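Chain by chain, the residues:
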Amino acid sequence: MESGPPHLSPVPGTEAVPHHHPHPGVPGMHMPPQMMPMTTPVGLQAIYQACRRLYADQPNPLQVTAVVKYWLGGPDPLDYISMYSNPGDPNRGIPAHWHYVSFGLSDLYGDGRVHEYTGPEGPSGFGFELTIRLKKETGETAPPTWPAALMQTLARYVFQSGEESNQNVLCAGDHVSWHNALDSSESRIQHMLMAEDPLLQSILSPMGTINFIQIIGVTAEELQAAQRWNGPGILELLRNVPVAGGPWLLTDMRRGETIFEKDPQLQEVVERGIETEGSNLSGVSAKCSWEEMEESREEREESEETVRQRITPHESEQIKAELRRGLMGQHGSGAAGFGTGAGADWTDHVNHNTDRERKDSLSSSGSTEEVKPGELQRSQTMDAVHVKINKEAGTLLPLVMRGRLKHGRHFTFKDVSGNSAITFVSPRVMGAIADESHPYASRGPWLQVLIPEDFLEAVIKDLEELSNTEELVVPKQYRWREKGLTISVLPDDW
């Protein structure tokens, strides 16, 4: 936590501690003691009561508190993080653990000091609080405080990037790439999935609804499976593997095996899921380029010269905005978003079985500003194109075809140097500049390649060998002359 060492204190009771309650609406202005309200703010009280229903024997758990509250200029958005001791359920194989609950992503006070009050019908603040269930170490008598620091970091991200659009609200099924052990150890648990807390149900406070979103620590392999398939599917697998989470989805920082090492057949479950349900991975950063084939360029007559140029940061934002608005995938709703970790992947967001796509992990900082369709240069169509892509990204092409396009979705490769972007689209994608009459269309350095359904199966069959990464030797070229499409997979250092 940026505010210094965590400050531990008992949970406030029904009698408020004076410094918790500055003058309503005036940050930093404190009322005289004789004017202090004597009741806990209603948002706080709603969460306390939900916790007390689970932990009646722990009315005053230890808390990590922000030394300087966010509404007084402090860096930490969560005012408190309560830490409860949960005995688990030995009969169901659920071990004893620490249960952490945040206070601050929802509206705790209702006076505008942090969140705008919008009434009880909608979400309270961002509409959720975070929880973690951390398996107890042998002989451990006090809860570690690193989960509280982790929760503060996630909360800062939500506040800093989500206040304008609410696009970074964390929901069940989301994933967060972290690329470091969550407790800064040598653990394999280096990433996170989000789920609904199994015991803390949604509550309705006077400021609106509050959901409790539980953080689950996962390995790199489990995160990758969630990206390639979807978060809810992997959560269900974790629930069925006691050492990897179990029914209550506990995080065990000493877990040394992935669910796929524990049960190799689970990898087949993931592959079947991709085949039947599609993939939530909607794009990656890659080394890629494209060019119009010579025969197509000679046949096309233009009155002015076409200028190819590097993608500017503004154009990059326009591409993302058009993907969010126009390339809506199935059911015609949603938006594509940039994704996780080092900015290498983008994924769809799954929220309570809706099919919208949006930003769901923690490394994107792009603007969500909408642009008009005509702003990103004018479109042009071509009869034949040559797509070039590096080996690492090229191995995803089978997934792109059978996990995305076969299910009516789209997938984008964005060049790491910013020189180009290539989006493969299905005919069922709404808002694409490419269509079945003109399957290759560009807008500046951004190319869209539409693969018709009667062509898709042939492409899947021809590209399937790219899935065998261990035996794959590049360069490889795939050319469908009658379709005017050539794809070259080149060494990563080309």
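Residues numbered from 1 in each chain as written. Predicted model: local features only at pLDDT ≥ 70, side-chain atom pairs only at ≥ 80, totals over all residues. Heavy atoms only, no water.

### Section: empty space enclosed by the protein
Enumeration over the complete set of coordinates arrives at two cavities of 30 Å³ or more. Its volume calculated, the largest cavity comes out at about 60 Å³. If you trace the largest cavity, you find it lined by Tyr-70, Trp-71, Pro-77, Asp-79, Gly-104, Ser-106, Leu-108, Tyr-109, Val-114 and His-115. Looking at the lining of the largest cavity residue by residue, the classes come out as six nonpolar, three polar and one charged. (1 Å grid on protein atoms, 1.4 Å probe; cavity = no way out; pocket = protein on both sides within 12 Å on 5 of 7 lines; lining within 4 Å. Points joined across faces, edges and corners; volume = space filled by probe spheres on them. Nonpolar A, V, L, I, M, F, W, Y, C, P; charged D, E, K, R; others polar.)

### Structural notes on the side chain of Thr-395
You can see Thr-395 is positioned in the loop between helix 9 (391-394) and helix 10 (397-404). When its relative accessible area of 18% is taken as the criterion, Thr-395 is described as buried. From its side chain, Thr-395 meets the backbone oxygen of Glu-392 in a polar contact 2.7 Å long. Setting aside chain neighbours within four positions, we find Thr-395 in contact with Leu-466, Thr-469 and Leu-472. (Helix = DSSP H or I, 4+ residues; strand = E, 2+ residues; numbered from the N terminus. Buried < 20%, exposed > 50% of the residue type's maximum accessible area, 1.4 Å probe, protein only. Polar contact = N/O pair within 3.5 Å; in protein donor to acceptor, adjacent residues only side chain to side chain. Contact = heavy atoms within 4.5 Å.)

### Here we look at the nonpolar core
Counting 57 residues, the largest nonpolar core has Leu-238, Leu-397, Met-401, Phe-413 and Phe-424 as its most contacted members. With five residues, helix 11 (residues 453-463) is the single largest residue contributor to this core. Those residues in contact with Leu-238 that lie beyond four places of it in its chain are Leu-193, Ile-216, Val-218, Glu-222, Ala-244, Gly-245, Gly-246, Leu-249 and Ile-259. Judged by nonpolar contacts, the second largest core, of 31 residues, contains Ile-81, Leu-150, Val-169 and Leu-170. (Core = buried A, V, L, I, M, F, W, Y, C linked by side-chain atoms within 4.5 Å.)

### A look at helix 4 (residues 231-239)
The complete set of buried residues in helix 4 reads Gly-231, Gly-233, Ile-234, Leu-235, Leu-237 and Leu-238. Where the residues of helix 4 are buried, they touch strand 7 (191-196), strand 9 (208-218), helix 3 (220-228), helix 5 (259-262) and helix 6 (265-277). In this structure Asn-230 caps helix 4, since a side-chain oxygen of it lies 2.7 Å from the backbone nitrogen of Gly-233.

### Observations regarding the pattern of salt bridges
Using the criterion set out here, one finds 18 salt bridges in the structure. Salt-bridge contacts for Arg-156 lead to Asp-76; the nearest nitrogen and oxygen are separated by 2.6 Å. On the criterion of sequence distance, the pair formed by Arg-156 in helix 2 (residues 146-162) and Asp-76 in the loop between strand 2 (62-65) and strand 3 (80-86) is long-range, its members being 80 residues apart. You'll find Arg-156 and Asp-76 in the same group, each marked buried. Across the pair Asp-111 and Arg-113 runs a salt bridge, and its minimum N-O distance is 2.5 Å. (Salt bridge = Lys/Arg side-chain N within 4 Å of Asp/Glu carboxyl O.)

### Overview of the side chain of Ser-102
Structurally, Ser-102 can be placed in strand 4 (residues 97-103). At 2.6 Å, the side chain of Ser-102 forms a polar contact with the side chain of Glu-129. At 2.8 Å, the side chain of Ser-102 forms a polar contact with the backbone nitrogen of Leu-130. Once residues within four sequence positions are removed from consideration, Ser-102 is found in contact with Ile-47, Leu-78, Tyr-80, Ile-81, Glu-129, Leu-130 and Met-151.

### Some remarks on the pairing of strand 19 (residues 476-480)
When strand 19 meets strand 20 (residues 485-490), the two strands line up antiparallel, connected through five bridges. Looking at the pairing, Trp-480 lines up with Leu-485 of strand 20. In sequence, strand 19 turns back onto strand 20 through a hairpin of four residues, with Gly-484 there showing a positive phi of about 75°. (Pairing = 2+ DSSP bridges.)

### Focus on the environment of Ile-215
On the secondary structure map, Ile-215 appears in strand 9. Sequence separation between Ile-215 and Ala-172 is 43 residues, and the spatial gap between their C-alpha atoms is 9.3 Å. If sequence neighbours within four positions are ignored, Ile-215 has contacts with Leu-130, Thr-131, Ile-132, Met-151, Leu-154, Met-192, Leu-193, Met-194 and Thr-251.

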